Amino acid sequence: MLMCCSQIYAQSSEMELSGTVLDAEKHEVLGGVSIVNVTTQKTIGLTTDKGAFNIKVNKGEKIRFSYIGFMDNIIIVDKENVTVLLQPSSNALKNDVVVVGYQTRTKETVTGAVSIISGKDLQDVPVANVEQLLQGKVAGMNVQNLTGAPGFSGSVSIRGISQLSISGSGDQAQLASNNPLLVIDNVPIDYDGGVTQSMLQPGAATGPLALIPPEDIQSIEVFKDAQAASLYGSRGANGVIVITTKQGNSPTPVINLNSSVFVNLPPQLRPTWGGNLERDYRLYSILNYSRDEQTVRELLDSYQFLTDSLNPFYNNSTDWQSYFYQTTVNTNHNVQISGGNPKLNYKTNLAYQLNQGVLKNTGFEKYSLNMQLNFMPTEKLRVGAQLFGALGQKQRGNGGGLTNNGAGDAFTSSLYPSPSHFIGIPRLEGYENNTDDNSTINLRAYLKVDYEIIHNLRLSSTTSYDYYTDTRDQFKQAFTNNNQTMMYGYIGRRDELNSRNGINYSYNTDPEDMSNGHNFYISAYNEANIRTNNIHIRDVRNGPSDFYWGPRGYSPRFYPGNHYNDANGVNDNGTHASMIYHALSWAGVFSYNYKTKYVADLSYRMDGNSDAGVNKRYSSNPAIGLRWNIEKEPWMQKMEWLDYGSLRATYGINNRSTATVLNTLGFYQIYADYNNQPAIGPDFSILPNPYLEPEKSYQFDVGGDVGILDGRITLSYDTYYKKSYNIVRDFYLPDITGYNKVQVNGGSLVNYGHELVLNFRPFVSKTLEGFQWSISLNGAMNHGILTGLPGDLTLYRQYDDTYHQDFILQVGRNPISNYLYQFNGVYQNTADVPVDPVTGKRARWQTGIQYFQAGDPIWKDVNGDYVISAGDDKFIVGNPDPIFTGGISNTFSYKNFSLNIYMSYLADRTLLNNAMAKRLFDLRYPGLDADDLMGNLYNLGLLDIWSVTNPGGTYPGIVDYYHSRGTASYLPDQTLFSEDGSYFKINQITLSYRFQGFRFMKKTGLHALSAYTTLYNVGIFSGYSGPNPETVSRLGRDDINGYPAALSFTVGLRAQF
Amino acid sequence: MGFMASCTKFLEVKPIDKFSGEEFWRNQEDAEKAVNSCYALLYQKMNASPLYNSPDIRPGNWNLGVKKNFIVFAANDLNSPDLNYQDAFADPRSSWKTFYECIAACNLCISRIPEVEDGAFSQEARNTLIAEARFVRSFVYFELVRLYGDVPLHNDAYATQNVPRTSQVQVLDTCIEDLKLAAPNLPAAYADPTNRAVKATKGAAYTLIANMNMWQAGFDKANEKKYWENAAQATKKVMDLNVYKLLPYDETISTTLFKGRSEEGIFEISMNANYGNTATRIIAQWTLHRPILPTSTTLYGGLGSEIVYTREFLDKLFPPGQSDLRFTLWFDDPYCTLNPQSAMFKKFMPIDGERNFDNNYIIFRYAGLLLLRAEALARLGGHDKEAIDLLNMIRDRAEAQTYNGSGGPALVDAIFLEREKELLCEGHRWYDLVRTGKVLDASECENHLTKADFDQGAWTWPIPASAINSNPMITQNLYWNK
């Protein structure tokens, strides 16, 4: 199957070999191809970005060229100049290189479930956060871009949720982090830059993925199963994402440029009725459905906006959303300078991006510099060093992490006059003038030294340091903030020192060809980790002026105003304000394969940390993996259509220590002195639990890979069963204990599912210029089931005080569900309403005095008492976690054009359309009263609403406001607003053209030049009634304040000098 | 070995933003601070509502003016929305958690102090601190029982299970056993006079035992004799300590005896402006006006108290024409001659122009103890002479007429009346009415209850809803279930 172009035998003597490596199909040069001397088993070089190489070899030696996505080509050195063609791989397994537990190996000997994304798939679209580009690219990794706010992050989970803690309520309710561990160039990094960095709002953090430029990424590997992740220890419990950045590899310096201009366009906005439609509706509702004339008069007198339509001041139809949204033009630039040879190479990547949001006063600007130097003074010693620095500046407007308050505040009645020279609108003005800047500075450095003591026995040491400074400066003018200025300053400094030292030994009975003998690899290492976090917050209210920021001269009246910290310096969401953390790990790996046919991996890692209780310092993570490459069996050789076939099985246990000094030993607070003597007593927020066990999970994974018909079709399948148990839950205590809660083990849940990746090429042209089409398709199905709660509970109801949409954790169901009234349609006739035989009255809602009539919702009356009440008539329904996720990529190429269409999908997920519910529910007050009821009017024309003239309507009647106030027809906690959030999304369309053979290119020294245009966030197709089923909270609530995802249009150039 | 030790050391990091249990309980000083936290929590709760230290409005017999929350309280309408957060009157109805926090802190001290690894921490010092925790815990239960009737017993520092309410007699039995364990280890008096009466002592423990027994006698009538005997024994032990004496009544009484920490004080909650704590939850803030309380309300131009005792009640306590220093020293214009609210009750004085009082909350004092002993002896019978002597000790001090009536029920009644007088507004009258059953008697108590209501718990507070919600085994008092 290997295609060798130059195979000429010759005598052995040292010589220089130079040449070019080309893609055999497209005839493009291939840079970064690794060159290995098979005879001496040494890496001797890499091709430049022009595809060139120049190496010293002996005649007659075997030289292997290999590159991700291409088949190896081994040549035997004969002449001095060769052109090497690499055939696109039909066997990605053999050649893809994977870094598992800091060890590089070919994919065909990897036993775990690993997905690889090439850096090439992440180009040509200038997103604010690389995370956005990972959506739909890995089967089983569910990435949701919950917000369109540039620089914010969405949610990512691998193989379902593994946490059960929900904090906050209503649209702001958030699930505890399920984030995987991130490893960038061998440095383990918290995915979101640490919990505290999020500044108390999930998604707000400018995490490492928002700072790294996609152009600098060589490859991303995602480890999904327990075996692959086990070597990363407890931190890898939710999976691991390993990112490798590019390296220098050209004897002459190469400059790569990628510049683009992109336009962000406002997306589809929320449907609204304005002007006369709004006025008429409200007036009609007041005039016809008030219960007495006095109410009508009072309402009309209060709302001149409604009645005085001839007054030009009130005669408006203001489209508020248009004042908040904007179209922005932005740029993205990336320069990479690299060069060197295997002995000494360097890379510098400089990136800049300006990404202004479609909501005013929001945006993200980032700068980064990544420098890398690799040095190999002798054959035995290798030294690598890297320095990465980045600055991310985010304007948050009026907003938070996943939501942006201003967007919701745009929902003011259209009858209000639009902003002008004479009329200031606090909400809008706040939007334009208030400051909320969030900047993150990240510095990361590592030094790696690797020394071969004796043949194949290596010592290695890696030390890395990662430092963040996060600041948030917020200033609100008094006019926009209830006549009270507000200044909020946040400074967080976080650093992590990580040191890994190890020894490894490999032994091959046939060093020339691994596929012909026994191969052993054994490694042991230890890792030490020190993390610190320091947070300082200043919060000053009621400054003397809108024109300078406090704290000078602030009014003491509202001091101390810092509600973010309580007396003990604890943030009000319970995270540590500041902390020091030490961790120490010991790991061992044994790996064996026979002829690369039978592979076995055994690994063990022990993790200890300073947070762990005194009794359980260490937790262990053992794992085993097996692999059988079937196509290497002699009896398979006859099946020529089969490129490869393999079976894999892994099992691993992951322990995550959750016991902390605080939850096992309790903590103490200072009380008011008694009799002038100091008093220190227990803090009653948590009862210590000295018996707390680590959270554990075990996972089985069975999978297989098949490639057939020379790479026409490849297929990879995995099925898994993952049980997380001992999950720590807050257990609320009776108040006679004195304490609020205790943390106990006992939550458990199971995730099982299937993942399939299918690649096929319907058109493979024989000629270089011909039409090529390849399709890559992946899909994952994940079922989560809650299998236990602490204290043998079978049900836990988490009360929600915003919309009464309680969360339910019920054993036997999907881990998190909603608790809602069941909406069964609308009463067509009053006669259809059941009548209580005891009282003779029709059914009603709770304490309401309005009895149901025609046009009211039919809610299921579970206990049959003719009263629909929250206590006993709600149902456990819905699942905010999707069952199916995946993506589809199509690549077409013809001559110098190539077109990529990238799509992703999600199916079977429940959303609650709170944005619609809130606006409809507010109509029970048709006037424009009280602060929170100044909303504008939903486009009622979109809904089939019951009315006397439309008795078949499927939505309850609304215009009779007095009645529907009494029956609460549109209360948000009913299944009327519970919808399926399945969607199909076109993420990206890229068309690119490669300039070739133009004269100006030679003149200007251009080696390569491409132009491309990209549409990103092209469209989303869904049956969901809101504008976008993706920009909702992690728990499936569509917040009216959500930041919409913007369509962006990019034009760019890629050049190489 | 050294290597492993250094690894373990590497993992020992002190949290920098919290004070964890790892760094606590290291030495005697920690234990002392922890015991202080028990007192501090007790102080916190007792200062959270005036109804804890002076429920003396509940029996009525006041002219309460326009104060709605007082009026419904004195009408025993404790579920009324008028009984609200104004003046913190709804506190006993809304939560009892701080009481149980205090119990939990005591539980923790009792279980942790023996384990403190500190050679310099003597067994004697440990025993004393543990005994103090036992005393505070028992006192909290006594408060809970008198407020709510049956309450859950929770004496294990780490138990998390729900427990139902235990009968009040049994709760107090447990507490008395506890106090008997504690008393021998408590000092008779503290060397440091600043600790006088504000920390647990032998005298305080025995006084609490005596009060508990007298309470039990009211609810466990079958064994009332036993309780009276126990009370008599306990009070004897206090007298035998020879620590306490009656202070003479004169003009300075408000700054000596009622300021607190006097030789008459047995147990008080420390309150001192110099220590930065003052009481605003004290009945006197409503019984005073200008010039003593310059910030008093504009009632009659600042010359009227918000609440004043009714003339009938005053006449019953202090019949006109009979001399009594308590009447002359404590009352200013008692009969409201200047305006309908011009009377002032001056037992407790503020320290400044604000309504800040730095009087200790006087819980038990020697005069009360002597009268309690007199009552126990009078009820037991056969000790009338001693009972009358004790009664006359109190009366003599107040320069009131000597009691020379008979023994038996007349003597019991006289002692009861004397307690009313002597302990006026010190938080005893309602509880004395309840335990003696006189709360059923309209002539003794304006807010009198019927026997049926009393048996259903009309004398209690409603169990806080938060307690019922957090523990399904807690049942509401029958009367308040209506």
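Conventions and cut-offs
Residues numbered from 1 in each chain as written. Chains lettered and ligands numbered in written order. Predicted model: local features only at pLDDT ≥ 70, side-chain atom pairs only at ≥ 80, totals over all residues. Heavy atoms only, no water. Contact = heavy atoms within 4.5 Å. Buried area = accessible area lost by both parts, 1.4 Å probe. Polar contact = N/O pair within 3.5 Å; in protein donor to acceptor, adjacent residues only side chain to side chain. Helix = DSSP H or I, 4+ residues; strand = E, 2+ residues; numbered from the N terminus. Nonpolar A, V, L, I, M, F, W, Y, C, P; charged D, E, K, R; others polar. Pairing = 2+ DSSP bridges. Axes fitted to C-alpha atoms, helices over the stretch in contact; angles between N-to-C directions. 1 Å grid on protein atoms, 1.4 Å probe; cavity = no way out; pocket = protein on both sides within 12 Å on 5 of 7 lines; lining within 4 Å. Points joined across faces, edges and corners; volume = space filled by probe spheres on them. Salt bridge = Lys/Arg side-chain N within 4 Å of Asp/Glu carboxyl O. Buried < 20%, exposed > 50% of the residue type's maximum accessible area, 1.4 Å probe, protein only.

**Digging into the interface of chain B and chain A**
Logical step 1: Each partner contributes to the interface: chain B provides 56 residues, whereas chain A provides 52 residues.
Logical step 2: The junction of chain B with chain A conceals about 4,500 Å² of combined surface from both sides, 66% of it contributed by carbon and sulfur atoms.
Logical step 3: On inspection of chain B and its partner chain A, the count reaches 15 residue pairs in polar contact (both at pLDDT 80 or more).
Logical step 4: Secondary structure elements with two or more residues in the side of chain B that touches chain A: α1 (2–10), β1 (19–20), α2 (28–46), α6 (97–112), β3 (265–269) and α19 (465–470) of chain B.
Logical step 5: A per-element tally of the side of chain B that touches chain A places α2(B) first, with nine residues.
Logical step 6: Across the side of chain B that touches chain A, the residue classes tally to 29 nonpolar, 16 polar and 11 charged.
Logical step 7: Bridging between strand β33 (residues 667–674) of chain A and β1(B) involves two bridges; their strand directions are antiparallel. Within β1(B), the residue paired with F667(A) across the bridge is S20(B).

**A look at the side chain of N370(A)**
All names here are of chain A.
Logical step 1: Within the secondary structure, N370 is located in strand β23 (residues 362–375).
Logical step 2: Among the polar contacts listed, one links the side chain of N370 to the side chain of Q386, at a separation of 3.4 Å.
Logical step 3: Setting aside chain neighbours within four positions, we find N370 in contact with D216, T245, K347, T348, N349, Q386, L387 and F388.

**Points about the sheet that holds strand β2 (residues 34–37) of chain A**
Residue and element names in this part refer to chain A.
Logical step 1: Reading across from one edge, β3-β2-β5-β6 is the order of the four strands in this open sheet, with antiparallel pairing throughout. The strands lining the two open edges of the sheet, one partner per strand, are β3 (42–46) and β6 (73–76). For this sheet, the mean inter-axis angle between neighbouring strands, taken without regard to orientation, is 25 degrees.
Logical step 2: In the sheet, strand β5 (residues 62–66) pairs with β6 via four bridges, with the strands oriented antiparallel. Across the sheet, the residue bridging to I63 is I75, located in β6.

**Thoughts on empty space enclosed by the protein**
Residues and elements named next belong to chain A.
Logical step 1: Quantified by volume, the largest cavity comes out at close to 300 Å³.
Logical step 2: Around the largest cavity, the lining is made up of 28 residues, and of these Q132, G148, P150, Y1016 and N1017 lie nearest the centre.
Logical step 3: Secondary-structure elements contributing two or more residues to the lining of the largest cavity are β19 (254–265) and β54 (1008–1022).
Logical step 4: Of the residues that constitute the lining of the largest cavity, the class distribution is 12 nonpolar, 13 polar and three charged.

**Description of the pattern of salt bridges**
Logical step 1: Going through the model one piece at a time under the given rule, you end up with 65 salt bridges over all chains.
Logical step 2: The shortest N-O distance in the salt bridge between D960(A) and R291(A) comes to 3.6 Å. Of this pair, D960(A) sits in the loop between β51 (937–938) and α12 (961–967) while R291(A) sits in the loop between α4 (275–289) and α5 (293–302), and the two are 669 residues apart along the sequence.
Logical step 3: Of the residues examined, D960(A) reaches a relative accessible area of 15% and is grouped as buried.
Logical step 4: Counted as one network, the salt bridges with shared partners bring together E264(B), D324(B), R326(B), K347(B), R365(B), R395(B), R397(B), E418(B), K421(B), E422(B) and E426(B).

**Looking at the pairing of strand β18 (residues 240–245) of chain A**
Put simply, side chains in a regular strand alternate between the two faces of the sheet.
Residues and elements named next belong to chain A.
Logical step 1: Extensive coverage of β18 is indicated by the burial of five of its six residues.
Logical step 2: Here strand β15 (residues 181–184) pairs with β18 via four bridges, running parallel. Residue pairing across strands places V183 opposite V242, the latter belonging to β18.
Logical step 3: When strand β17 (residues 217–223) meets β18, the two strands line up antiparallel, connected through six bridges. Within β18, the position partnered with F223 by the bridge is V240.

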